Amino acid sequence: THCISSAASDVYKRQVQDRASRDLETTCRTHADGLRAITRRVRDDEADLAQDSCLRLVETASREPVAAPAHLLFRIARNLVIDRIRSRSRAASLFQDKATYAQHPCPAPDPERVLLANERLRRALKVIDAMPERRREAFLLHRIDGLSYPQIARSMGVSVKAVEKHMSSAMLQLVRGMQAGGFDE
């Protein structure tokens, strides 16, 4: 009887998961207009952000029960939009056109600051090179290539949670490595 109750329990769990999955799919479809309204602020990436929002909702629901899936879906979409806008703003400030630099030339750098910056960079690169391969890959995909955690997860074939752990470990290793080198600013 124990085997029968265990099998019945497994069937029930699968039925609940299937129903939850259908409910999430219905939530994403029902609220597609709301998602578009939120993601519209990010031109050229609306569809990607809407899809990432639905994907994160499903991933979250697979880990824990979601009481208000529509509310969570909109919150995820809003956060992804904010992240993308910040990322684009950061990229725009890094890659300004040359005319802007010609109008506002930088003063000549202090040789001591240049030396210190070069040493910090060398130390950071050394710490990054010393990271385990998968941690380094996740770190570089996020920090250098600007990919989101869901994008990194798909690229590496792991869960978003695994990417979060890789990033957390990478940041901790980088901070500790820089502090060990006397660069704890």
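So, a few notes on the structure that sits alongside this text. (Residues numbered from 1 in each chain as written. Predicted model: local features only at pLDDT ≥ 70, side-chain atom pairs only at ≥ 80, totals over all residues. Heavy atoms only, no water.)

Some remarks on unusual backbone geometry
With phi around 70°, Asp44 is a residue other than glycine that occupies positive phi space. Counting through the fold element by element, Asp44 comes out in the loop between α2 (32–39) and α3 (46–63). By relative accessible area, Asp44 is classed as exposed at 72%. (Helix = DSSP H or I, 4+ residues; strand = E, 2+ residues; numbered from the N terminus. Buried < 20%, exposed > 50% of the residue type's maximum accessible area, 1.4 Å probe, protein only.)

A closer look at the environment of Leu49
In this fold, Leu49 is placed in helix α3. Overall, Leu49 belongs to the buried group, its relative accessible area being 1%. Put simply, Leu49 and Ala77 are 28 residues apart on the chain and 6.7 Å apart in space, counted from C-alpha to C-alpha.

Concerning α3
Look at α3: 26 Å from first C-alpha to last across 18 residues, which is about the 26 Å you get at 1.5 Å a residue. For α3, the complete set of buried residues consists of Leu49, Ala50, Asp52, Ser53, Cys54, Leu57 and Thr60. (Expected span 1.5 Å × (residues − 1).)

A short note on the environment of Gly177
Along the chain, Gly177 turns up in helix α9 (residues 160–180). With 47 residues separating them in the primary sequence, Gly177 and Ala130 have C-alpha atoms 9.8 Å apart. With sequence-adjacent residues up to four places away left out, Gly177 is seen in contact with Arg123 and Val127. (Contact = heavy atoms within 4.5 Å.)

With respect to the layout of surface pockets
Empty space among the atoms can be located by rolling a probe the size of a water molecule over them. One number sums up the size of the largest pocket: a volume of about 660 Å³. Looking at the largest pocket, it is lined by 20 residues, and the ones nearest its centre are Ser87, Arg90, His142, Gly146 and Leu147. Elements with a contribution of two residues or more to the lining of the largest pocket: α3, α4 (69–94), α7 (133–143) and α8 (149–156). Broken down by class, the residue content of the lining of the largest pocket amounts to 8 nonpolar, 5 polar and 7 charged. (1 Å grid on protein atoms, 1.4 Å probe; cavity = no way out; pocket = protein on both sides within 12 Å on 5 of 7 lines; lining within 4 Å. Points joined across faces, edges and corners; volume = space filled by probe spheres on them. Nonpolar A, V, L, I, M, F, W, Y, C, P; charged D, E, K, R; others polar.)

Concerning α7
Looking at α7, one finds that the buried residues are Ala138, Phe139 and Leu141. All buried residues of α7 fall inside an arc of 165° around its axis, so they share one side. Contacts from the buried residues of α7 go to α6 (111–130), α8 and α9. (Arc of directions from axis to C-beta.)

What about the pattern of salt bridges?
For the structure on display, the rule yields 8 salt bridges. Put simply, Lys161 and Glu164 hold a salt bridge, and the shortest N to O gap is 3.9 Å. Of this pair, Lys161 and Glu164 are both found in helix α9, 3 residues apart, which corresponds to roughly one turn of the helix. (Salt bridge = Lys/Arg side-chain N within 4 Å of Asp/Glu carboxyl O.)

Overview of the side chain of Asp45
If you trace the backbone, Asp45 turns up in the loop between α2 and α3. Each residue touching Asp45, except ones within four places of it in the same chain, is listed here: Arg84 and Arg88.

Any functional reading would require information that these geometric values do not contain.
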